[in-house]
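# Notes for the structure review
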Amino acid sequence: MPDYADLAARIRALTHGETDEVALMATLACEIHHSDARFDWTGFYRVTAPEMLKIGPYQGGHGCLAIPFSRGVCGAAARTRQTQLVPDVEAFPGHIACASSTRSELVIPVIGPGGRLIGVLDIDSDRPEAFTQDDADRLQEILDATFGRD
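Residues numbered from 1 in each chain as written. Predicted model: local features only at pLDDT ≥ 70, side-chain atom pairs only at ≥ 80, totals over all residues. Heavy atoms only, no water.

Naming follows an unreviewed UniProt entry, where the protein chain appears as GAF domain-containing protein of Paracoccus simplex.

Below, the structure is given as structure tokens:
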């Protein structure tokens, strides 16, 4: 389990004054990915067209290039604007296997000012049941502080 207070402080220091969303995503992907061995793939999918996510900055092996809101865990998070905590990806209807090693997944919507959906933070683990509600809550706090959700 990462030290979320330390992670949040480090991210605040690294991103202070930065407003470019891709630069923020790149920094968060790196910091979050390296904060915990459970995190096998950590990255962002950005909203680039209506109902469409495209790969953004990430750490780990290759990700899917495009994900419609209608498909997979990332699509569900974008479509519903609700965090998806999936202990077993094989049990998730319509799961997209970007990496065959993925066993569990945590996807959190990234909301900016005015309620604009920027994208989603996707974290995959090669371990089943790798993520907790505390992970989801603490990472949501970091995303909200970084991307200015109001």
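As a further point, take the UniProt feature "domain: GAF" (unreviewed entry) in the protein chain. In the numbering used here, UniProt assigns the feature "domain: GAF" (unreviewed entry) to residues 20-148. Annotated as residues 20-148, this span is 29% helix and 31% strand, and its ends, taken at the C-alpha atoms, are 12 Å apart. (UniProt positions renumbered as here; feature names shortened; annotations may be inferred. Helix = DSSP H or I, 4+ residues; strand = E, 2+ residues; numbered from the N terminus.)

Turning our attention to the side chain of S125. Take S125: it is sitting in strand β6 (residues 117-125). Here S125 falls in the buried class, since its relative accessible area comes to 0%. Reaching out from S125, the side chain makes a polar contact with the backbone nitrogen of R127 at a distance of 3.1 Å. (Buried < 20%, exposed > 50% of the residue type's maximum accessible area, 1.4 Å probe, protein only. Polar contact = N/O pair within 3.5 Å; in protein donor to acceptor, adjacent residues only side chain to side chain.)

All right, on to the side chain of T146 then. Relative to the assigned elements, T146 resides in helix α4 (residues 133-147). Excluding its chain neighbours within four sequence positions, the residues that come into contact with T146 are I11, L24 and L28. (Contact = heavy atoms within 4.5 Å.)

In spatial order, the strands read β3-β2-β1-β6-β5-β4; together these 6 strands make up an open sheet with antiparallel pairing. Strands at the two margins of the open sheet, each flanked by one partner only, are β3 (66-68) and β4 (84-86). Averaged over all adjacent pairs, the angle separating strand axes in this sheet is 25°, with direction ignored. Judged from the 3 bridges that link them, β4 and strand β5 (residues 104-111) form a sheet pairing that is antiparallel. Counterpart to V86 in the pairing with β5 is E105. (Pairing = 2+ DSSP bridges. Axes fitted to C-alpha atoms, helices over the stretch in contact; angles between N-to-C directions.)

Time to look at the packing of helix α2 (residues 21-33) against α4. Contact geometry for α2 and α4: axes closest at 11 Å, N-to-C directions at 155°. Classified by the angle their axes make, α2 and α4 are roughly antiparallel. Like other packed secondary-structure pairs, α2 and α4 cross with a definite hand, here right-handed. Here E21, L24, M25, L28 and I32 of α2 lie close against α4, whose contacting residues are L139, I142, L143, T146 and F147. (Parallel < 35°, antiparallel > 145°, perpendicular 65-115°, else oblique. Left-handed = near helix turned anticlockwise from the far one by under 90°.)

The pairing of strand β1 (residues 41-49) with β6 spans 6 bridges and is classified as antiparallel. Of the residues in β6, the one forming a bridge with R46 is G119.

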